[in-house]
Amino acid sequence: MSTTRTLARLLGFGAALVAAYYATAYARRTPPLLPPRVIAHRGGPKEAPENTLAAFASAFARGVPMVECDVHLTRDGEVIIIHDETLERTTNGTGWVMDQTLAELKQWDAGNGERLPALAELVELARPSGAELLIELKSPHLYPGIEFKVLTELEDLGYLDRCVLQSFDWDCVRRLRQLKPSARLGALYEVGNLDVSWPPADAEFVCPPAENVLLNPNLVRTAHSEGRGVFVWFSRGEAPWLYRYLKVFGVDGLITDDPDAAREALRA
């Protein structure tokens, strides 16, 4: 038998195995625990500068039911919304967020004249519509006590029950649970971590990247069997076919830069 024919047979056998794997996963798929929701990642940076009130307002105006944001602590202990630990990428400022007060951080332009918002400002913007907030606690190792501060602020504002708090730092997730057992929590997963069984602190939501669901669609069924929702984030770009794939396998939320496109895919 020629080398070419042998290779062709091996490739065919491999393709058949892959097809069988996904066919089995499709047959065993589970529906979302709740109607799948679109979650505007950092407010939806296609419409306005990321993590600004303009971005969040645009999402709420278009009826997006949930927005995602990232929080850090200022030097004077205020909860501020920005993705990076430093200012250079998203503002015209320089330096570390943790080294400046809220007033000092407010002087920087976060794009189109927008200023970095405090978490309380986002809550007040969301309150009229009752929109939910998916809040990621960033770099908690830099901010001792950030878990208590975020929980306390949300409780004082009367909005904790409309929030899900998440982190890649699983010790942070555990501290949140210890401080407030009733808080809804999300465990964020890195690319390549395909096992979502029993996340830290028994989190109500698991948040894997889309690549993990592509490689292992069964993880959605695993989470659902434990009563957990699955919110998917995108590390390497988004596309309508990917939204539709994730919908087919029953994910509960898409954390997307393009809420309008994601909603169209979910409606299809």
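It should be noted that the structure appears before, not after, this text.
In what follows, the accompanying structure is described. From a predicted model like this one, the values you see are computed outputs, not experimental measurements. (Residues numbered from 1 in each chain as written. Predicted model: local features only at pLDDT ≥ 70, side-chain atom pairs only at ≥ 80, totals over all residues. Heavy atoms only, no water.)

1. Focus: the nonpolar core
Among the nonpolar cores identified, the biggest contains 68 residues, and Leu133, Ile135, Leu165 and Leu246 are the most heavily contacted of them. Of all hydrophobic cores here, the second largest spans 10 residues; its members include Leu188, Cys207, Phe231 and Trp233. (Core = buried A, V, L, I, M, F, W, Y, C linked by side-chain atoms within 4.5 Å. Buried < 20%, exposed > 50% of the residue type's maximum accessible area, 1.4 Å probe, protein only.)

2. What to know about the packing of helix α2 (residues 53–61) against helix α4 (residues 119–126)
In the contact formed by α2 and α4, the axes pass within 10 Å of each other and the chain directions differ by 20°. Relative to α4, the element α2 is oriented roughly parallel. By crossing handedness, the relation of α2 to α4 is classed as right-handed. Across from Leu53, Phe56, Ala57 and Phe60 in α2, the residues of α4 making contact are Glu121, Leu122, Leu125 and Ala126. Taken together, the residues of the contact of α2 with α4 sort by class into seven nonpolar, no polar and one charged. (Axes fitted to C-alpha atoms, helices over the stretch in contact; angles between N-to-C directions. Helix = DSSP H or I, 4+ residues; strand = E, 2+ residues; numbered from the N terminus. Parallel < 35°, antiparallel > 145°, perpendicular 65-115°, else oblique. Left-handed = near helix turned anticlockwise from the far one by under 90°. Contact = heavy atoms within 4.5 Å. Nonpolar A, V, L, I, M, F, W, Y, C, P; charged D, E, K, R; others polar.)

3. Looking at the packing of aromatic side chains
The description of two aromatic rings rests on the distance between their centres and on the angle between their planes. Tallying each qualifying case throughout the model produces seven aromatic pairs. Pairing Phe234 with Tyr243 gives two aromatic rings, centres 5.8 Å apart and planes at 90°, and the pair type is edge-to-face. Phe234 gets classed as buried once you look at its relative accessible area, which sits at 12%. On the basis of relative accessibility, which here comes to 2%, the residue Tyr243 falls in the buried class. Aromatic side chains Tyr245 and Phe249 sit 4.9 Å apart centroid to centroid with 50° between the ring planes, which places their arrangement in the tilted category. Accessibility classification places Tyr245 together with Phe249 in one group, the buried group. Over the ring of Tyr26 we find Arg29, and its NZ or CZ is 3.8 Å from the ring centre. (Phe/Tyr/Trp six-rings, centres within 6.5 Å; stacked < 30°, edge-to-face > 60°. Lys NZ or Arg CZ within 6 Å of the ring centre and 35° of its normal.)

4. Points about the pairing of strand β9 (residues 253–256)
Side-chain alternation along β9 places Gly253 and Ile255 on one buried face and Leu254 and Thr256 on a second face that is also buried. By the bridge criterion, four bridges tie strand β1 (residues 37–40) to β9 in an arrangement that is parallel. Along β9, the bridge assignment pairs Val38 with Leu254. Relative to β9, strand β8 (residues 229–233) is paired through three bridges, and the arrangement is parallel. Note on β9: the bridge partner recorded for Phe231 is Gly253. Handedness of the β-α-β unit built from β8, helix α9 (residues 240–248) and β9 comes out right-handed. (Pairing = 2+ DSSP bridges. Right-handed = clockwise from strand over helix to strand, strands pointing away.)

5. A short note on the side chain of Thr90
Tracing the chain through its elements places Thr90 in the loop between β3 (79–81) and α3 (102–105). The exposure class of Thr90 is buried, given its relative accessible area of 15%. Look past the residues within four positions of Thr90 in its chain and what remains in contact with it is Glu50, Ile82, Asp109, Ala110 and Gly111.

6. A closer look at the pairing of strand β4 (residues 132–137)
Within β4, six of the six residues are buried, leaving the element largely enclosed by the surrounding structure. Residues Glu132, Leu134 and Glu136 point to one face of β4 and Leu133, Ile135 and Leu137 to the other, with burial holding for every one of them. Bridge count for strand β2 (residues 66–73) against β4 is six bridges, and the pairing is parallel. When the bridges of β4 are listed, Val71 appears paired with Leu137. Strand direction decides the pairing type here: β4 and strand β5 (residues 163–167), joined by four bridges, are parallel. Bridging across to β5, Leu133 finds its partner in Cys163.

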